[in-house]
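Residue-level structural notes
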Amino acid sequence: MGRSEEEHYRERAQRKKELVDRRIARATIDRGVLVVNTGNGKGKSSSGFGMLARSLGHGFRCGVVQFIKGSFSTGEDLFFRGMGDAFGERLEYHVMGEGFTWETQDRARDIAAATRAWEVATRMLSDPEVDFVLMDELNIALNKDYIPLDAVLAALAARPPRQHVVVTGRGAPDALVEAADTVTEMRLVKHAFRAGIKAQHGIEL
């Protein structure tokens, strides 16, 4: 008599568990990780802010620097900065961009804004008391040569050993991808904007 579907399911689940358990047993390194979210699809910053919420939930001291956004309020800005009293000194939040580059149309102004943002980020990256740093849309600043890539790579390499860093933005440079521990590329399949639907609060903003 053949085995039941339930027996097949349990066997498959057991094999999967054994595989996962072996991988967990091999993962013995305990240090901060560099995460890069890139690609043309939606969700790069959203993922970064999700990890920010997770880190705050664990009691981490966190820092955020937004390199491009700044000309308009976003939901994450309103939420995390609005919760400042609840987080106290555990969250340092800086919105330092001048807005999208096609809006500013002023390269010198964009470079100056990115330079100021990088100065703040550098301070966070060198502070052993900061557990988590989110550099939102840093990849865009790197792609447009507002900030030297070598300086970013050096600061990331020299950061405190247990500090986690998340970098977002499309077009992550190859050298940054190589240096990262975890890289996710968001792929665009469909987007409401292409169908004429304007950006929505809670979804894009």
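Higher on the page you've got the structure.
Now for a description of the structure that goes with this document.

Criteria and cut-off values
Sequence order as written defines residue numbering, which begins from 1 separately in each chain. Two thresholds apply to this predicted model, a pLDDT of at least 70 for residue-level local features and 80 or more for giving and counting side-chain atom pairs, whereas whole-chain, interface and lining totals are computed over all residues. Hydrogens and waters are ignored; side-chain quantities use all the structure's heavy atoms. Any two strands with at least two DSSP-identified bridges between them are counted as paired. Runs of E in the DSSP output that reach at least two residues are strands. Runs of H or I that reach at least four are helices, and both are numbered from the N terminus. Here, axes are lines fitted to C-alpha atoms. For helices the fit covers the stretch in contact, and angles between N-to-C directions go from 0 to 180 degrees. Ring pairs are drawn from Phe, Tyr and Trp, using the six-membered ring of Trp, whenever the two centres fall within 6.5 Å, and their geometry is named by plane angle: stacked under 30 degrees, edge-to-face over 60, tilted for the rest. Relative accessibility decides the category of a residue: with a 1.4 Å probe and only protein chains considered, values under 20% of the type maximum give buried, values over 50% give exposed, and everything between is partly exposed. Read the arc as the range of directions from the helix axis to the C-beta atoms. By definition in these notes, contact holds between two residues if any of their heavy atoms fall within 4.5 Å. Any N or O atom pair separated by 3.5 Å or less is treated as a polar contact, with the protein-specific requirement of one donor-capable and one acceptor-capable atom, and with residues adjacent in sequence counted only for side-chain atom pairs.

For the rest of this paragraph, the subject is the sheet that holds strand 5 (residues 164-168). With parallel pairing, six strands are arranged side by side in an open sheet as 3-2-4-5-1-6. Each edge of the sheet is formed by a strand with only one pairing partner; in this case those strands are strand 3 (91-95) and strand 6 (182-185). Neighbour-to-neighbour, the strand axes of this sheet turn through a mean angle of 10°, independent of strand direction. Where strand 4 (residues 132-136) lies against strand 5, four bridges are found, and the strand directions are parallel. Its bridge partner being in strand 5, F132 is matched across the sheet by H164.

What follows deals with the packing of aromatic side chains. Under the defined criterion, the tally for this structure stands at four aromatic pairs. Among the aromatic residues, those joined into a cluster by ring pairs are F49, F79, F80, F87 and Y93.

What sets the pattern is the α-helix's 3.6 residues per turn: residues three or four places apart point alike. Of the residues making up helix 8 (residues 149-157), those classed as buried are V152, A155 and L156. Take helix 8 and look down its axis: the buried residues cluster within an arc of 100°, on one side only. Seen from the buried face of helix 8, the exposed residues on the opposite side, beyond 90 degrees, are D150 and A157.

Before going further, it helps to examine the environment of T38. Following the sequence through the fold, T38 ends up in strand 1 (residues 34-38). When the C-alpha positions of T38 and V177 are compared, they lie 9.3 Å apart, and in sequence the two are 139 residues distant. Among all residues touching T38, those that are not within four sequence positions of it are K44, N139, G169, R170, G171, A172, T184, E185 and M186. Looking at T38, its side chain comes within polar contact range of the main-chain nitrogen of A172, at 3.0 Å.

Turning next to the pairing of strand 2 (residues 62-66). Successive residues of a regular strand alternate their side chains across the two faces of the sheet. Among the five residues that make up strand 2, five are buried, leaving the element largely enclosed by the rest of the structure. Of the two faces of strand 2, the one lined by C62, V64 and Q66 and the one lined by G63 and V65 are each fully buried. Where strand 2 lies against strand 3, five bridges are found, and the strand directions are parallel. Paired with V64 across the two strands is Y93, which belongs to strand 3. Relative to strand 4, strand 2 is paired through five bridges, and the arrangement is parallel. Bridge pairing links V64 to L134 in strand 4.

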